[in-house]
Amino acid sequence: CCEALEHMSDQDPPLFHRDVKPLNIIINPDKGAVLIDLGLAVGIESGVAKRDTTGRHSAGWAPPEREMSVSGPFTDVYSLGQIVWHMLTNKTPGIYSEEERIEEITSRGYPVWLAELVNESTNPLHANRIQSVSEFRIRLENGGELA
């Protein structure tokens, strides 16, 4: 999914899916994960934009700023973090305290760096969140490190 989202964000203007959730991911035996349903995808020229799509998102999977029609490269990062949270804990997506996320993830035997990655990708304040899918993917592949 990260590769598809990175490809979209490399377009001119950059495209952001804005509705990444398990129902929009199909696992194909030959191609792996395939991202579907680009109905809310939008191109944003300046990196952050307001679009008149308030209310058109999936609660829990979409970040809080979508309530105010704000979108940017950080929007899909939030959704990816919620997917990882759900995969690791089987808990519903949403806003949890950093401590609760760390406790839930590490108590299941996963490393602290993974809990920290989930926290940094699901921060309710988009300015404090990981800012790109590329950074999220690199950190996921490198044990939390941006290397």
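Scroll up for the structure.
Below is a summary of the structure that appears in this document.

## A few points about the pairing of strand 3 (residues 32–35)
As paired elements, strand 2 (residues 25–28) and strand 3 share four bridges and run antiparallel to each other. Across the sheet, the residue bridging to Asn28 is Gly32, located in strand 3. Count of turn residues in the strand 2/strand 3 antiparallel hairpin: three residues.

## Section: the pattern of salt bridges
The full count for this structure, using the stated rule, is eight salt bridges. Between Glu104 and Lys91 there is a salt bridge, and its shortest N-O distance comes to 3.8 Å. Here Glu104 is found in helix 3 (residues 98–106), whereas its partner Lys91 is found in the loop between helix 2 (73–89) and helix 3, with 13 residues between them in sequence. Of the residues examined, Glu104 reaches a relative accessible area of 18% and is grouped as buried. The closest approach of N and O atoms between Arg139 and Glu120, which form a salt bridge, is 2.8 Å. With Arg139 in helix 5 (residues 133–141) and Glu120 in helix 4 (residues 112–121), this residue pair connects regions lying 19 residues apart in the sequence. Several salt bridges share partner residues, and in doing so they unite Glu6, Arg137 and Glu141 into one network.

## Considerations on helix 4
Along helix 4, the residues classified as buried are Leu114, Ala115, Leu117, Val118, Asn119 and Ser121. Where helix 4 is buried, its residues contact helix 2, helix 3 and helix 5.

## Points about the nonpolar core
Residues Leu5, Val20, Leu80, Val84, Ile105, Val133 and Phe136 are the most contacted members of the largest nonpolar core, which totals 20 residues. Counting only elements with at least two residues in this core, the list comes to helix 1 (2–9), helix 2, helix 4 and helix 5. Of the residues forming this core, the biggest block, six residues, is contributed by helix 2. For Val20, the contacting residues outside a window of four places in its chain are Leu5, Leu35, Trp61, Asp76, Ser79, Leu80 and Ile83.

What counts, and where the lines are drawn
- Residues numbered from 1 in each chain as written.
- Predicted model: local features only at pLDDT ≥ 70, side-chain atom pairs only at ≥ 80, totals over all residues.
- Heavy atoms only, no water.
- Pairing = 2+ DSSP bridges.
- Helix = DSSP H or I, 4+ residues; strand = E, 2+ residues; numbered from the N terminus.
- Salt bridge = Lys/Arg side-chain N within 4 Å of Asp/Glu carboxyl O.
- Buried < 20%, exposed > 50% of the residue type's maximum accessible area, 1.4 Å probe, protein only.
- Contact = heavy atoms within 4.5 Å.
- Core = buried A, V, L, I, M, F, W, Y, C linked by side-chain atoms within 4.5 Å.

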